[in-house]
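Chain and residue survey
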Amino acid sequence: MPLLRFDLIEGRDKSSLKKLLDVTHNVVVEAFDVPQQDRYQIVHEHPEDHMIIEDTGLGFKRTKNLVVLSVTSKSRPEEKKQKFYNLLAERLESECDIASTDLIVSIVENDNADWSFGLGEAQFLTGKL
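Numbering of residues begins from 1 in every chain and follows the order in which that chain's sequence is written. Reporting in this predicted model follows two pLDDT cut-offs: at least 70 for local features of residues, and 80 or more for side-chain atom pairs to be given and counted; totals over whole chains, interfaces and linings ignore these cut-offs and use all residues. Hydrogens and water are ignored here; the side-chain numbers use all heavy atoms of the structure.

Turning our eyes to something else, we now look at empty space enclosed by the protein. Space inside and on the surface of the protein is sampled on a 1 Å grid over the protein atoms alone, with a cavity defined as a set of points where a 1.4 Å probe fits but cannot get out and a pocket as an open set with protein on both sides within 12 Å along at least 5 of 7 lines; lining residues have an atom within 4 Å of a point. Grid points are joined across faces, edges and corners, and a volume is the space filled by probe spheres set on the points. All told, the structure shown has one cavity of 30 Å³ or more when counted by the stated rule. Roughly 30 Å³ of internal volume is contained in the largest cavity. Lining the largest cavity, in full, are Pro2, Leu4, His25, Val28, Asp38, Arg39, Tyr40 and Gln41. The set of elements that each furnish at least two residues to the lining of the largest cavity consists of helix 1 (14-32) and strand 2 (40-46). Helix numbering and strand numbering both begin at the N terminus, where a helix is a DSSP run of H or I of at least 4 residues and a strand a DSSP run of E of at least 2.

Our focus in this paragraph is helix 1. One less than the residue count of a helix, multiplied by 1.5 Å, gives the span that helix is expected to have. Taking 1.5 Å of rise per residue, the 19 residues of helix 1 would be expected to cover 27 Å, and the 26 Å separating its terminal C-alpha atoms lies within 8% of that figure. Of the residues making up helix 1, those classed as buried are Leu17, Leu20, Leu21, Val23, Thr24, His25, Val27, Val28, Val29, Ala31 and Phe32. Packed against the buried residues of helix 1 are strand 1 (3-9), strand 2, strand 3 (67-74), helix 2 (78-96) and strand 4 (103-110). A positive backbone phi angle near 55 degrees is found at aspartate 33, which sits one or two residues after helix 1. Any residue under 20% of the maximum accessible area for its type is buried, any over 50% is exposed, and the rest in between are partly exposed; the area is computed with a 1.4 Å probe on protein chains only. The contact definition used throughout considers only heavy atoms, calling two residues in contact when any of these lie within 4.5 Å.

Here the focus is the packing of aromatic side chains. What counts as a ring pair is set by centres within 6.5 Å for rings of Phe, Tyr and Trp (its six-membered ring), and what kind of pair is set by the plane angle: stacked under 30 degrees, edge-to-face over 60, tilted for all other angles. Counted under the stated rule, the structure contains five aromatic pairs. Here tyrosine 40 and phenylalanine 117 contribute two aromatic rings whose centre-to-centre distance is 5.6 Å and whose plane-to-plane angle is 45 degrees, an arrangement assigned as tilted. Taken together, the residues tyrosine 40 in strand 2 and phenylalanine 117 in the loop between strand 4 and helix 3 (123-126) connect sequence positions 77 residues apart. You can call tyrosine 40 partly exposed: its relative accessible area is 35%. A residue is classified by how much of its surface remains accessible, and phenylalanine 117, at 30% relative accessible area, is partly exposed. These aromatic residues form a ring-pair network of at least three members: Tyr40, Trp115, Phe117 and Phe124.

Pasting the structure below:
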């Protein structure tokens, strides 16, 4: 936990996709102080014409390398979120050749009662996590 959902334009090869997921996970671990094995990632790939992602007037030119990342997570301080955004943009650019202008991140927060990792239990509430 957190749960990461990647929306991408289809066409990445397996090694590029794996690198994107690995780099993102390493940033999550570093920025949010989560355990290494706390990895929940889902990839959705779309035809190019199924993603209309503009720049909200910021003057960015988006490319086919676009990454829209939705993060569902417990509440985190603004400093950790900013660290996450910065590290992710830097590392995706340096390690995956994904321009920082091709990265959009949205964090949706929830609470301990909003997670069940199986067995019909809320493990954060039962003390198992």
